[in-house]
Structure formats: C-alpha cells, structure tokens
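Chain residues, written in single-letter form:
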Amino acid sequence: MTKTFSMIREFHLADWFTLGNAICGTGALFSMMTYLQTSDVIHIYFACGLVLAAMVFDVMDGRIARWRQKTSPMGRELDSLADIISFGVAPALIAYGCGMQGLYDRIVLTYFVACGVSRLARYNVTAEALSQGQDKVKYFEGTPIPTSLILVLLMFVAAMQGALGESLWLGQVAMAGFILHPMVLLFALSGSLMISRIRFPKI
C-alpha cells in the first residue's frame, strides 16, 4: 500500500529549500495585492524583500543538492515551477503595482512571463546536453530567469524615492489611446535575453 504523504517523504533536503523559494514568491504576490488595496508602500518593500529571499533559497537548493549528491527529475521540475513564481510572475506583478498598468505595459509584462516560462522549459530539456555528461551545466543559453531580481531591486529603489504611479521614472507615452510606460521596456529586454541563444558561463 502507498504510504500516507509518500510524495513528501521522498523529498530531498534541497527540495524543501526549493519550496521555500516558491513560498517566498507567493508571499511577494500577496504583498503586492495588499499594496494595491491599501497603497501602503511598505508592502512593496516586503514584496521585493521576499523575491530576494527567494533568490537565497534558489542558490541554496542547488548547493545542497550538489553537496549531498542527491538530485532528481522531480527536483528539477520543482525548481522551475518555483522560479517562474518568484522570478517571473512576482516581478511582473511588482511592476504592475508600481504603476506599469497601461495596455501596452500589460502586454510587455505578459511577454516577460512567457519568456521566463519558455526559458525554463528549454533549460529542462537541454540541461543534460549542456552538462556534457558531467554533474554541472557549464553555461546557460539565454540569461537565467533569476536575473529578474535586478528589475525587482530597481522597483525597490523607485518605491523608496516615491517614483510610483504617475511619478514612475521616464514618465508615460500615449499611443493610439493607450498608455505605455517606457520603463516597462526593461522587462521586454530582460525577457528577450532569456530566450536568446547567447551563451552565459555558469559561475
């Protein structure tokens, strides 16, 4: 008979850190939704801080997996799902909450998330080939999705300076009756780099 909670029992230590990544990313989403309800900027700080904490968990799970020499296909898939929450959806929602709410902004932010999903899927199916038979991947094709933390830190600084909503850096542009905040183009650039074929060495 299958034991109760058998899936949980099969988790490795690294998998629990991966779940910590996902939990932090989900917390960031709730913090931004709270900000949209209350307009209390402290919730933006919480959201950005939780994405940073997710990065710590993301780094630790890989180190622990290599240290204990226990990796699994489930762990890899779990890592990708956690990453898309913490470094894909959460940064997009933080940007939306900070003021990138025009139609064009939403299209770009959706593109950013789609690029992140595509980047992770490509990595999962090519990781074995990229590792060249070794335990560790030597390089990435396209920027890793956690690099979106740079954009999150940028939003954190903007929030500290009060550059939110109508005061967002670089202002806004009206095109065909809809609004574009030029700052959202950084998300377009980040997403495009994720799905590029440019090789980045893995440190």
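Anyway, here's the lowdown on the structure attached to this text. Each chain carries its own residue numbering, running from 1 in the direction its sequence is written. Given that the model is predicted, a residue must reach a pLDDT of at least 70 before its local features are reported, and side-chain atom pairs must reach 80 or more before they are shown or counted; all residues, however, enter totals for whole chains, interfaces and linings. Side-chain numbers here rest on the full set of heavy atoms in the structure, without hydrogens or water.

Our next topic: the overall build of the protein. Every helix listed is a DSSP run of H or I at least four residues long, and every strand listed is a run of E at least two residues long, numbered separately from the N terminus. Along the backbone of the protein there are 7 helices and 4 strands. Tracing the protein from N to C terminus, the helices and strands come up as α-α-α-α-α-β-α-β-β-α-β. A total of 203 residues make up the protein; the buried ones form 45% of that total. Residues count as neighbours in contact if any of their non-hydrogen atoms are within 4.5 Å of one another. Long-range contacts, defined as pairs at least 24 residues apart, comprise 76% of the intrachain contacts of the protein with a sequence gap of at least 6. Accessible surface, the protein as shown: approximately 11100 Å² in total, 66% of it carbon and sulfur. Note on exposure labels: buried denotes an accessible area under 20% of the residue type's maximum, exposed denotes more than 50%, and partly exposed covers the range between, all computed with a 1.4 Å probe on protein chains only. Per-residue and other accessible areas follow the Shrake-Rupley method at a 1.4 Å probe size, with only the shown protein chains counted as cover for residues.

Since the α-helix advances by 3.6 residues per turn, residues separated by three or four positions end up pointing in the same direction. By this rule, a helix spans an expected 1.5 Å times one less than how many residues it contains. A rise of 1.5 Å per residue sets the reference length of helix α6 (residues 149–160), with its 12 residues, at 16 Å; its end C-alpha atoms lie 17 Å apart and thus fit the reference within 8%. Considered for burial, the residues of α6 that qualify are Leu149, Leu151, Val152, Met155, Ala158 and Ala159. Following α6 by one or two positions, Gly162 adopts a phi angle in the positive range, close to 75°.

Salt bridge, as used here: a side-chain nitrogen of Lys or Arg that lies within 4 Å of a carboxyl oxygen of Asp or Glu. What the rule picks out here adds up to 1 salt bridge. One salt bridge connects Arg197 with Glu141, and the closest N-O pair in it is separated by 2.5 Å. Placement of the pair is Arg197 in the loop between α7 (185–194) and β4 (199–201) and Glu141 in strand β1 (residues 139–141), with a sequence separation of 56 residues. Under the relative-accessibility criterion, Arg197 is labelled exposed at 58%.

This next bit is on a nonpolar patch on the surface. Here, patches come from residues exposed beyond 30% relative accessible area and free of salt bridges, joined within 9 Å for like charges and within 5 Å for nonpolar side chains (Val, Leu, Ile, Met, Phe, Trp, Tyr). Taken together, the side chains of Leu103, Ile107 and Phe178 present a nonpolar region at the surface, about 260 Å² in accessible area. By secondary structure assignment, the location of Leu103 is in helix α5 (residues 103–131). On the accessibility criterion, Leu103 (31% relative accessible area) is partly exposed.

The next point concerns the packing of aromatic side chains. Working definition: rings of Phe, Tyr and Trp (its six-membered ring) pair if their centres are within 6.5 Å, and the pair is stacked with planes under 30 degrees apart, edge-to-face with planes over 60 apart, and tilted otherwise. If you walk through the whole model with that rule in mind, you get 4 aromatic pairs. Measuring from centroid to centroid gives 6.1 Å for Tyr104 and Phe178, while their planes differ by 85°, and the two rings are edge-to-face. Residue Tyr104 is found in helix α5, and its partner Phe178 is found in strand β3 (residues 178–180); the two are separated by 74 residues along the sequence. Residue classification places Phe178 among the partly exposed residues on the basis of a relative accessible area of 40%.

Attention now goes to the side chain of Arg122. Locating Arg122 in the fold gives a position in helix α5. When charges are counted, Lys and Arg are positive and Asp and Glu negative, with His and the chain ends excluded. For Arg122, which is buried and forms no salt bridge, the nearest opposite charge comes from Glu141, at a distance of 4.4 Å. At 2.9 Å, the side chain of Arg122 forms a polar contact with the backbone oxygen of Ser196. Residue contacts for Arg122: discarding those within four places in its chain leaves Glu141, Gly142, Met194, Ile195, Ser196 and Arg197. Nitrogen and oxygen atoms within 3.5 Å of one another constitute a polar contact, given that in protein one can donate a hydrogen and the other can accept it, and given that sequence-neighbouring residues count only through two side-chain atoms.

This brings us to unusual backbone geometry. Not every positive phi belongs to a glycine, and Ser39 is a case in point at roughly 65°. Structurally, Ser39 is set in the loop between α2 (13–38) and α3 (42–68).

Our next topic: the environment of Leu180. Mapped onto the elements, Leu180 comes out in strand β3. Here Leu180 falls in the buried class, since its relative accessible area comes to 12%. C-alpha separation for the pair Leu180 and Leu103, spaced 77 residues apart in sequence, amounts to 7.1 Å. For Leu180, the contacting residues outside a window of four places in its chain are Tyr104, Asp105, Gln172, Val173 and Met175.

Before going further, it helps to spend a moment on the side chain of Ser80. Tracing the backbone through its elements, the reader meets Ser80 in helix α4 (residues 73–98). Ser80 has contacts with Leu120 and Asn124, leaving out every residue within four places of it along the chain.

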